[in-house]
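Remarks on the overall topology
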Amino acid sequence: MAATEILRAVLGRVRLRGRQRFCTSGSAQLSQSNALTHRTALALIVVATLLWSMAGVVSRLLHHSAGFEMVVWRSAVAALTVLLLLRVSQGTAWLGHVRTGGAALWISGLCWAVMYTCFMLALTLTTVANVLIVQSLGPIFTALMVWLLLRRRLAPRTWVAL
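Since we're looking at a predicted model, the values are computed, not measured.

Comments concerning the overall build of the protein
- Summing up its helical and strand segments, the protein has nine helices and two strands in all.
- Buried positions account for 19% of the 162 residues belonging to the protein.
- Considering only residue pairs separated by 6 or more positions, the protein has 51% of its internal contacts joining residues 24 or more positions apart.
- Carbon and sulfur atoms form 71% of the exposed surface of the protein, whose accessible area is close to 12200 Å².

Side note on the packing of aromatic side chains
- With the rule as written, the count across this model stands at one aromatic pair.
- A centroid spacing of 5.7 Å and a plane angle of 90° characterise the contact between Trp 147 and Trp 159, whose relative ring orientation is edge-to-face. With Trp 147 in helix H8 (residues 138-149) and Trp 159 in helix H9 (residues 156-161), the pair connects residues that are 12 residues apart, well separated along the chain.

A few points about the nonpolar core
- In terms of nonpolar packing, the biggest core is built from nine residues, these being Ala 55, Met 70, Val 71, Tyr 116, Phe 119, Met 120, Leu 123, Val 128 and Val 131.
- Those elements that provide at least two residues to this core are helix H4 (67-90), helix H6 (102-125) and helix H7 (128-136).

A short note on H6
- Here H6 contains 24 residues, and its C-alpha end-to-end distance of 35 Å stays within 8% of the 34 Å for a straight helix at 1.5 Å per residue.
- Of the positions making up H6, those classed as buried are Leu 105, Tyr 116, Phe 119, Met 120 and Leu 123.

A word on a nonpolar patch on the surface
- On the surface, Ile 133, Leu 137, Phe 141, Met 145, Trp 147, Leu 148, Leu 149, Leu 150, Trp 159 and Leu 162 cluster together to form a nonpolar patch covering roughly 1000 Å² of accessible area.
- If you tally residues by element for the nonpolar patch, the top one is H8, at five residues.
- You can see Leu 148 is positioned in helix H8.

As for the packing of H6 against H7
- Two numbers describe how H6 lies on H7: the axes approach to 8 Å, and their chain directions differ by 145°. Both H6 and H7 take part in a crossing whose hand is right-handed. Between H6 and H7, the contacting residues are Phe 119, Ala 122 and Leu 123 on the first element and Val 128, Val 131, Leu 132 and Gln 135 on the second.
- Of the residues in the contact of H6 with H7, the class split is six nonpolar, one polar and no charged.

Topic: the confidence of the model for the protein
- Confidence along the protein averages 75 in pLDDT terms, with 74% of residues attaining 70 or more.
- Within the protein, the element-level pLDDT minimum falls on strand E1 (residues 13-16), averaging 41, and the maximum on H8, averaging 90.
- Across residues 1-7 the pLDDT falls below 50, and counting only partners more than four positions away or on other chains, this stretch makes six contacts in the model.
- Confidence drops under pLDDT 50 across residues 9-34; counting only partners more than four residues distant or on other chains, this segment forms 43 contacts.

Rules behind the numbers
- Residues numbered from 1 in each chain as written.
- Predicted model: local features only at pLDDT ≥ 70, side-chain atom pairs only at ≥ 80, totals over all residues.
- Heavy atoms only, no water.
- Helix = DSSP H or I, 4+ residues; strand = E, 2+ residues; numbered from the N terminus.
- Buried < 20%, exposed > 50% of the residue type's maximum accessible area, 1.4 Å probe, protein only.
- Contact = heavy atoms within 4.5 Å.
- Areas by Shrake-Rupley, 256 points an atom, 1.4 Å probe, with all protein chains shown as cover.
- Phe/Tyr/Trp six-rings, centres within 6.5 Å; stacked < 30°, edge-to-face > 60°.
- Core = buried A, V, L, I, M, F, W, Y, C linked by side-chain atoms within 4.5 Å.
- Expected span 1.5 Å × (residues − 1).
- Patch = residues over 30% accessible without salt bridge, like charges linked within 9 Å, V, L, I, M, F, W, Y side chains within 5 Å.
- Salt bridge = Lys/Arg side-chain N within 4 Å of Asp/Glu carboxyl O.
- Axes fitted to C-alpha atoms, helices over the stretch in contact; angles between N-to-C directions.
- Left-handed = near helix turned anticlockwise from the far one by under 90°.
- Nonpolar A, V, L, I, M, F, W, Y, C, P; charged D, E, K, R; others polar.
- pLDDT = per-residue confidence, 0-100.

Right, dumping it as structure tokens:
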């Protein structure tokens, strides 16, 4: 199951300007009447990027907190925020999407939980710069592992991007 299918299964619908509209993904052409506008999507990406980029600095400012304590509190705030946004955007339908999400949804959630816990613990054990450098190498190692272990040829544009 592709990441876009998992996202569609979890999120399902987005409520825009008081009306529910279906979101689709993939190569299908989207009109403004049934999806987020390009400007709104870009704004959400910028906000998410800014919030994620502050994680290291904010975590460093909380030097009196233990690693797991930060994980618990940040995870609790994140969970409440996501639940609130799902409730606002989908009403009660979101619960059905979570129930029928299947193994891929729960495995993805487990991987994110492990990644987030390791990220926060790494911030408490070394400098922010070291953590972010190692984290930014993830796509390079992923591409190399696909090439070496799965014997899949990478497109030239992938090598250029790396």
